[in-house]
Amino acid sequence: AQSVTQLGSHVSVSEGALVLLRCNYSSSVPPYLFWYVQYPNQGLQLLLKYTSAATLVKGINGFEAEFKKSETSFHLTKPSAHMSDAAEYFCAVNNAGNMLTFGGGTRLMVKP
Amino acid sequence: DAGVIQSPRHEVTEMGQEVTLRCKPISGHDYLFWYRQTMMRGLELLIYFNNNVPIDDSGMPEDRFSAKMPNASFSTLKIQPSEPRDSAVYFCASTGGTISGTYNEQFFGPGTRLTVL
């Protein structure tokens, strides 16, 4: 069965600093991987997705993630954090029947 | 497309009352998912449908919860009777399993915030 682990339920960075949110997955089939963002009082919005094409995936708002098969990782990065990046971020892996298995989420806080 | 539509956005009710949450998926999508999100348990999959047929309802907490999808453009999640511990944000999501390029990507609605007093 597929699973996702997000290390760190809370991450705090200063504005302008590097953002690194960690995601490790377990999958018995070639995975499709996703990062979603949830702003306060809103639904989940797709940031980016890996679908077996390029291993470095660029998403919206300057975020990107790199698929590393040897490390079973799909970490999310952004070179310079902005106050508007404060939100909760979810990593997910595809499962049977078009289901997604979500990680527990990481709340990103950005300090001025 | 308007995206996934959920109603109501907020619902406040008293314990014991029936609650019905509604969802309209994106046109052409053949999968529909109901999730519940709480601080304690995070994001939980309750049930999902494919072509209007319930496929997996193992996440439904108990018999007080039921979900239907009478047609491709409408689904309901009903709680009867409601209890305070049902207070949560309920999300509906859809995906086009047979639409190329979506690769299982789920599109989420804005959610319904339910408060049971």
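Here the structure is shown first, and the text comes after it.
The following paragraphs examine the structure supplied in this document.

Focus on the state of the cysteines
- Under the defined criterion, the tally for this structure stands at two disulfides over all chains.
- With a sulfur-sulfur separation of 2.0 Å, A:Cys23 is cross-linked through a disulfide to A:Cys91. As the torsion about the S-S bond is roughly -65°, the A:Cys23-A:Cys91 disulfide counts as left-handed. Here A:Cys23, found in the loop between strand S3 (19–21) and strand S4 (24–26), pairs with A:Cys91, found in strand S10 (residues 87–94); they are 68 residues apart in sequence, far enough to count as distant.
- Classification of A:Cys23 by relative accessible area gives buried; the value is 0%.
- Here B:Cys23 pairs with B:Cys92 through a disulfide, and the sulfurs are 1.9 Å apart. An S-S torsion of about -65° defines the bridge between B:Cys23 and B:Cys92 as left-handed. With B:Cys23 in strand S3 (residues 19–24) and B:Cys92 in strand S9 (residues 88–95), the pair connects residues that are 69 residues apart, well separated along the chain.

Concerning the packing of aromatic side chains
Residue and element names in this part refer to chain A.
- Inspection of every chain in the model, using the stated rule, returns 16 aromatic pairs over all chains.
- When the ring of Tyr36 is compared with that of Phe102, the centres are 5.8 Å apart and the planes differ by 55°; the resulting orientation is tilted. Of this pair, Tyr36 sits in strand S5 (residues 33–38) while Phe102 sits in strand S11 (residues 100–102), and the two are 66 residues apart along the sequence.
- Classification of Phe102 as buried rests on a relative accessible area of 14%.

Description of the sheet that holds strand S7 (residues 65–71) of chain B
Residues and elements named next belong to chain B.
- Strand order in the open sheet formed by four strands is S1-S3-S8-S7, with antiparallel pairing between adjacent strands. Each edge of the open sheet is held by one strand with a lone partner, namely strand S1 (5–7) and S7. Taken over all neighbouring pairs, the strand axes of this sheet differ in orientation by 15° on average, direction set aside.
- Inspection of the sheet shows S1 paired to S3 by three bridges, in the antiparallel sense.

Analysis parameters
Residues numbered from 1 in each chain as written. Chains lettered and ligands numbered in written order. Predicted model: local features only at pLDDT ≥ 70, side-chain atom pairs only at ≥ 80, totals over all residues. Heavy atoms only, no water. Disulfide = S-S within 2.5 Å. Helix = DSSP H or I, 4+ residues; strand = E, 2+ residues; numbered from the N terminus. Buried < 20%, exposed > 50% of the residue type's maximum accessible area, 1.4 Å probe, protein only. Phe/Tyr/Trp six-rings, centres within 6.5 Å; stacked < 30°, edge-to-face > 60°. Pairing = 2+ DSSP bridges. Axes fitted to C-alpha atoms, helices over the stretch in contact; angles between N-to-C directions.

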